[in-house]
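Listed below, chain by chain, are the residues.
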Amino acid sequence: MFVNGHMAESGRYVAAGFSLIETVITLVILAIALTAVTRSISFGVGQSANPLWQTRAVQLAQSYLDDALALNFQQDSPLGGGSVGRCVIDGPEGGESGRSDFDDVDDFHGLSEQGRFLDGALLAAVALYQVDVQVSCQDGVGNVSSRSKLIQVTVSGPDNQRLRLSALRGNF
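The rules behind these values
Residues numbered from 1 in each chain as written. Predicted model: local features only at pLDDT ≥ 70, side-chain atom pairs only at ≥ 80, totals over all residues. Heavy atoms only, no water. Helix = DSSP H or I, 4+ residues; strand = E, 2+ residues; numbered from the N terminus. Buried < 20%, exposed > 50% of the residue type's maximum accessible area, 1.4 Å probe, protein only. Contact = heavy atoms within 4.5 Å. Core = buried A, V, L, I, M, F, W, Y, C linked by side-chain atoms within 4.5 Å. Pairing = 2+ DSSP bridges. Axes fitted to C-alpha atoms, helices over the stretch in contact; angles between N-to-C directions. Salt bridge = Lys/Arg side-chain N within 4 Å of Asp/Glu carboxyl O.

### Here's the deal with the overall build of the chain
Within the chain, the secondary structure is distributed over 2 helices and 6 strands. For the chain, the sequential pattern of α-helices and β-strands runs β-β-α-α-β-β-β-β. Counting only residues that meet the buried cut, the chain has 28% of its 172 residues in that class. The contacts in the chain between residues at least 6 apart in sequence include a share of 50% that link residues at least 24 apart.

Here you go:
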């Protein structure tokens, strides 16, 4: 009785199946393929938090930009609007201790705080973010200007990635 073979016409036993060398080569090829698949999956998992981080950072930066853009160009801007003829960056005036007290764009200059929304809510989702704001008298191409202020909001995430959003506020 021949278990893994058969009898050839010549009367000799012919073995069927895989040899040890064929089995080892197959295992090596499978190991290489599985290693490649595992590495590609682990890279994908490692990068899966980036879209979440970027979404939160953009929301936070946009919140700060919206707050700044909603204010007067500067302290002596006319109530109904209109040009003041110059650009001055003073930072917050006396008695303005936080974003809810700010009344003009340059009050945001030099602001550096833990991420929070205007209502003061310190949400766990943004508590690990650092927000820095710089305001300068520049136009859209970086030239000094008396007619616009460049507002730059930089958000740093928990893994030290940085996102910067910028906007111009016109003197009108």
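Back to the text.
### So, the nonpolar core
If you look at the biggest cluster of nonpolar residues, it comprises 21 residues, and the most contacted ones within it are Tyr64, Phe108, Val133, Ile151, Val153 and Val155. When residues of this core are traced back to their parent elements, those giving at least two are helix 2 (50-69), strand 4 (130-136) and strand 5 (148-156). Per-element accounting of this core gives the leading share, 7 residues, to helix 2. Residues within four places of Val153 in sequence aside, it is in contact with Ala61, Tyr64, Leu65, Val131, Asp132, Val133, Leu163, Arg164 and Leu165.

### Side note on the sheet that holds strand 6 (residues 162-170)
Strand-to-strand pairing in sheets goes through backbone hydrogen bonds, with the strands running parallel or antiparallel. Taken together, 4 strands build an open sheet; the order of strands is 3-4-5-6 and the sheet is antiparallel. The sheet is open, and its two edges are formed by strand 3 (112-114) and strand 6, each paired on a single side. Strand-to-strand, the axes of this sheet are offset by a mean angle of 20°, without reference to chain direction. Relative to strand 5, strand 4 is paired through 7 bridges, and the arrangement is antiparallel. Each bridged residue has a counterpart across the sheet, and for Asp132 the counterpart in strand 5 is Thr154. Against the sheet, helix 2 contacts strand 3, strand 4, strand 5 and strand 6, and its axis sits at roughly 20° relative to strand 6.

### A closer look at the pattern of salt bridges
Tallying each qualifying case throughout the model produces 3 salt bridges. The salt bridge involving Arg99 is made with Asp67; its shortest N-O contact spans 2.2 Å. Of the two residues, Arg99 is situated in the loop between helix 2 and strand 3 and Asp67 in helix 2; the sequence distance between them amounts to 32 residues. On the accessibility criterion, Arg99 (9% relative accessible area) is buried. Assessed through its relative accessible area of 16%, Asp67 is described here as buried. Notably, a salt bridge pairs Glu113 with Arg99, separated by 3.8 Å at the nearest N-O pair.

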